[in-house]
Number of protein chains: 4
Amino acid sequence: MEDLVFRHSIPVQLRFNDVDGLGHVNNSVYFNFYDLGKTGYFDAVHGHQVSQEEIDIVIAHAEVDFIEPVFLKDEILVQTTVTAIGNKSLTMVQRIICAKTKRVKCLCKTIMVGFDFRTNTSKAISQIWRDAISKYEGREY
Amino acid sequence: MEDLVFRHSIPVQLRFNDVDGLGHVNNSVYFNFYDLGKTGYFDAVHGHQVSQEEIDIVIAHAEVDFIEPVFLKDEILVQTTVTAIGNKSLTMVQRIICAKTKRVKCLCKTIMVGFDFRTNTSKAISQIWRDAISKYEGREY
Amino acid sequence: MEDLVFRHSIPVQLRFNDVDGLGHVNNSVYFNFYDLGKTGYFDAVHGHQVSQEEIDIVIAHAEVDFIEPVFLKDEILVQTTVTAIGNKSLTMVQRIICAKTKRVKCLCKTIMVGFDFRTNTSKAISQIWRDAISKYEGREY
Amino acid sequence: MEDLVFRHSIPVQLRFNDVDGLGHVNNSVYFNFYDLGKTGYFDAVHGHQVSQEEIDIVIAHAEVDFIEPVFLKDEILVQTTVTAIGNKSLTMVQRIICAKTKRVKCLCKTIMVGFDFRTNTSKAISQIWRDAISKYEGREY
């Protein structure tokens, strides 16, 4: 994943109790950061604040590499891109990096699937998402 | 508050990242415990699992004394009672104690007010709550 | 508290799961915001990133008024000041306001006491803190 | 993973703000549950409350399948087992199931690696852990 381009990158504001008894940011808290990246990414690709009603994808699977610890005074960024869009799912790659050194702290691949919240069944990735992401990333999927 | 009687008392399951970088349970997490006590208390006084729709009170004010730190392996209880019911508000007192030593770790007084979620305005404490709490606590308010 | 001046004010980055099942920011999460304000304030008054070892005060008491709900897309600030410094304690006032409307969402008064972490006993507020806060706030305590 | 045996299974106490604005338990919170399972498992295999100093493994990688949502009033269990122990790493499998229906809500595979916290370098899985897990699980690794 060395040569991935992340067009979307936002700083994360660390909170005092993100740190656990081991003295570094708790593993589970990274997923809050990835959520932060996801909502920011969705807003960015759609060009407006996306409401809950517009979201018709859910997280089905995630794979995370914990590479280096993050400490309370670190300045970190969460970066997000979509690497593939299939018929019923898309693949999102995110990472947490140190803003200064650019070292990668954590890497996450997420599979999101189209989901109809009214019928509670899976569905295809909608064309509006496909177009918005293609335009934002500047490539075809 | 020495002679308060707490009829409602439940154990709290501590989580690894309840503890912050100082090595003890983070102050903000106590409020999760008090929420746990509140929902358990509401279920107990009503005699069934209370749904969101049945809740027509909100927290307006809280006063907390942080007395002793709580550590990850401590066994703690959250205890809840209602000390007063007025026309538009009720006063709830809660505390976190060590299950073994009974030492009080934290004490919290909360003012809850009647609230109509449809009109977003305050309202009287409903009779159903007043009756349920009176019956559970075995006293008139 | 209408005429308090808050020299220290920082934006809060809201996270997706700050919001609970009621659709607004959970009460307990406000305390994370106040922690954010506290650590930012400590760094600001001391003029450098304060390490854990430099902190010799702990929270003894907090009083909170929950005035208006905060929603996920709100832009909020946490503002912090110290209103009094006694021999063994200081009084901190903080509030959460809407960045746009300046409406106050939540108000918190905290009593912090001097604490010696080696002996686990209370102690006087140290002169270094008194001086730093006085200089920052531009007033004598 | 259908035929895995989970000797270690503990109930999870859900908290009000585990639920996010979508009305079900937030994805990131599952990792708190898996932490709960891990610390419980460590205590169980060692036969005593494991202190921080005894822990010489860290999480390097996690893979999670989010299968069904969890709601606030659900009764859930987190179940934990170790499926393999190599020279420098072990593979842990955990799942969250409904206590009543036994339906699997979420499945997690974690790779943990031996780690020396003094030198901050990886190391072999220590024999004491290998023996303790083998004895607990009743099999050789």
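Source: prediction; values computed, not measured.

Chemist: Honestly, the overall build of chain A in this entry has me stumped. Any pointers?
Modeler: A count of helices and strands for chain A gives two helices and six strands. The helix and strand sequence of chain A, counted from the amino end, reads β-α-β-β-β-β-β-α. Here the C-alpha atoms of chain A give a radius of gyration of 16 Å, agreeing with the 14 Å that 2.2 N^0.38 yields for 141 residues. Residue pairs at least 24 apart in sequence account for 64% of intrachain contacts in chain A once pairs closer than 6 positions are excluded.

Chemist: Would you mind going over the packing of helix α1 (residues 30-46) of chain C against helix α2 (residues 127-137) of chain C with me for this structure?
Modeler: Packed helix pairs are specified by the crossing angle of their axes together with the interaxial distance, meaning the distance between the axes. Residue and element names in this part refer to chain C. For the pair α1 and α2, interaxial distance at closest approach is 8 Å and the crossing angle is 90°. When the interaxial angle is binned, α1 and α2 end up roughly perpendicular. Mapping the contact onto sequence places Ala44, Val45 and His46 in α1 and Ala132, Ile133 and Tyr136 in α2. Each residue belonging to the contact of α1 with α2 can be placed in one class, and the counts come to five nonpolar, one polar and no charged.

Chemist: Where do I start with the relation of the copies chain D and chain A in this structure?
Modeler: Between the two copies of the chain lies a rotation about an axis combined with a shift along it. Structural alignment of chain D on chain A gives an RMSD of 0.0 Å, achieved by rotating through 180° and translating 0.0 Å along the axis. Each copy turns onto its partner about a two-fold axis. Minimal C-alpha distance to the rotation axis in chain D is attained by Glu63 of chain D, lying at 2.2 Å. Of all interface residues in chain D, 100% are interface residues in chain A too; the two copies therefore contact each other through one and the same surface.

Chemist: Is there a simple way to explain unusual backbone geometry in this structure?
Modeler: With the exception of glycine, most residues fall at negative phi, and the peptide bonds are largely trans. A positive phi angle is found at Asn120 of chain C, which is not glycine, with a value near 55°. Located in the positive-phi region is Lys102 of chain D, a residue other than glycine, with phi close to 65°. Among the secondary structure elements, Lys102 of chain D is positioned in the loop between β4 (89-98) and β5 (104-116).

Chemist: Just checking my understanding: could you explain the interface of chain C and chain D for this structure?
Modeler: A common way to express how large an interface is: the accessible area buried when the components associate. At the junction of the two partners, chain C supplies nine residues and chain D supplies nine residues. Split by residue class, the side of chain C that touches chain D holds three nonpolar, five polar and one charged.

Chemist: Teacher, can you tell me more about the relation of the copies chain C and chain D here?
Modeler: Rotating chain C by 180° and translating it 0.0 Å along the rotation axis places it on chain D, where the RMSD comes to 0.0 Å. In this assembly, 100% of the residues forming the interface of chain C have copies in chain D that are likewise at the interface, indicating an isologous arrangement.

Chemist: Any chance you could explain the pairing of strand β5 (residues 104-116) of chain C here in plain terms?
Modeler: Successive residues of a regular strand alternate their side chains across the two faces of the sheet. All names here are of chain C. Across nine bridges, the pairing between strand β2 (residues 57-66) and β5 is antiparallel. Residue pairing across strands places Phe66 opposite Cys106, the latter belonging to β5. Relative to β5, strand β4 (residues 89-98) runs antiparallel, the two sharing nine bridges. Counterpart to Ile97 in the pairing with β5 is Val104. The antiparallel hairpin formed by β4 and β5 contains five residues in its connecting segment, where Lys102 sits at a positive phi of about 65°. The turn joining β5 and strand β6 (residues 121-122), which pair antiparallel and follow one another in sequence, is formed by four residues; a positive phi near 55° is taken by Asn120.

Chemist: How should I be thinking about the environment of Lys135 of chain B in this particular structure?
Modeler: Along the chain, Lys135 of chain B turns up in helix α2 (residues 127-137). Each C-alpha atom of the pair Lys135 of chain B and His46 of chain B lies 9.5 Å from the other, and the pair is 89 residues apart in sequence.

Chemist: For this particular structure, what's the right way to read the environment of Val25 of chain C?
Modeler: Residue and element names in this part refer to chain C. Mapping Val25 onto the fold places it in the loop between β1 (8-12) and α1. With 27 C-beta atoms counted inside 10 Å, the residue Val25 sits in the buried group. Once residues lying within four places of it in the same chain are set aside, the contact partners of Val25 are Asp18, Val19, Pro69 and Val70.

Chemist: Before we go on, may I ask you to explain the pairing of strand β3 (residues 76-85) of chain A in this structure?
Modeler: All names here are of chain A. The sheet contact formed by strand β1 (residues 8-12) and β3 spans five bridges and is antiparallel. The residue of β3 that forms the bridge with Ile10 is Val78. Here β3 runs beside strand β4 (residues 89-98); their pairing, made up of nine bridges, is antiparallel. The residue bridging Leu77 from the neighbouring strand is Ile97, located in β4.

Chemist: What is the right way to look at the interface of chain D and chain A in this model?
Modeler: Residue-level contacts link 15 residues of chain D with 15 residues of chain A. Among the elements of the structure, α1 (30-46) and β2 (57-66) of chain D are those that each provide at least two residues to the side of chain D that touches chain A. Looking at the side of chain D that touches chain A element by element, the count peaks at eight residues for β2 of chain D. In terms of residue class, the side of chain D that touches chain A is made up of six nonpolar, six polar and three charged.

Chemist: Got a minute to help me understand α1 of chain D in this structure?
Modeler: One turn of the α-helix equals 3.6 residues, which is why residues spaced by three or four share an orientation. Residue and element names in this part refer to chain D. If you check α1, its first and last C-alpha atoms are 24 Å apart, about what 17 residues at 1.5 Å a residue would give, namely 24 Å. Most of α1 sits out of view: 13 of its 17 residues are buried. Two residues or fewer after α1 comes Gly47, characterised by a positive phi angle close to 75°.

Chemist: Sorry if this is basic, but what is going on with the environment of Asn87 of chain A here?
Modeler: Residues and elements named next belong to chain A. With respect to the helices and strands, the residue Asn87 is situated in the loop between β3 and β4. The class for Asn87 is exposed, based on 8 C-beta atoms found within 10 Å. Distance from Asn87 to Arg130, taken between C-alpha atoms, is 10.0 Å for residues 43 residues apart in sequence.

How each quantity is defined
Residues numbered from 1 in each chain as written. Chains lettered and ligands numbered in written order. Predicted model: local features only at pLDDT ≥ 70, side-chain atom pairs only at ≥ 80, totals over all residues. Helix = DSSP H or I, 4+ residues; strand = E, 2+ residues; numbered from the N terminus. Rg over C-alpha atoms; globule rule 2.2 N^0.38 Å. Contact = placed C-beta atoms within 7 Å. Axes fitted to C-alpha atoms, helices over the stretch in contact; angles between N-to-C directions. Parallel < 35°, antiparallel > 145°, perpendicular 65-115°, else oblique. Nonpolar A, V, L, I, M, F, W, Y, C, P; charged D, E, K, R; others polar. Least-squares fit on C-alpha atoms with pLDDT ≥ 70 in both. Pairing = 2+ DSSP bridges. Buried ≥ 20, exposed ≤ 12 C-beta atoms within 10 Å, placed from the backbone. Expected span 1.5 Å × (residues − 1).

So, to be careful, I would describe these as geometric facts and stop short of saying anything about function.
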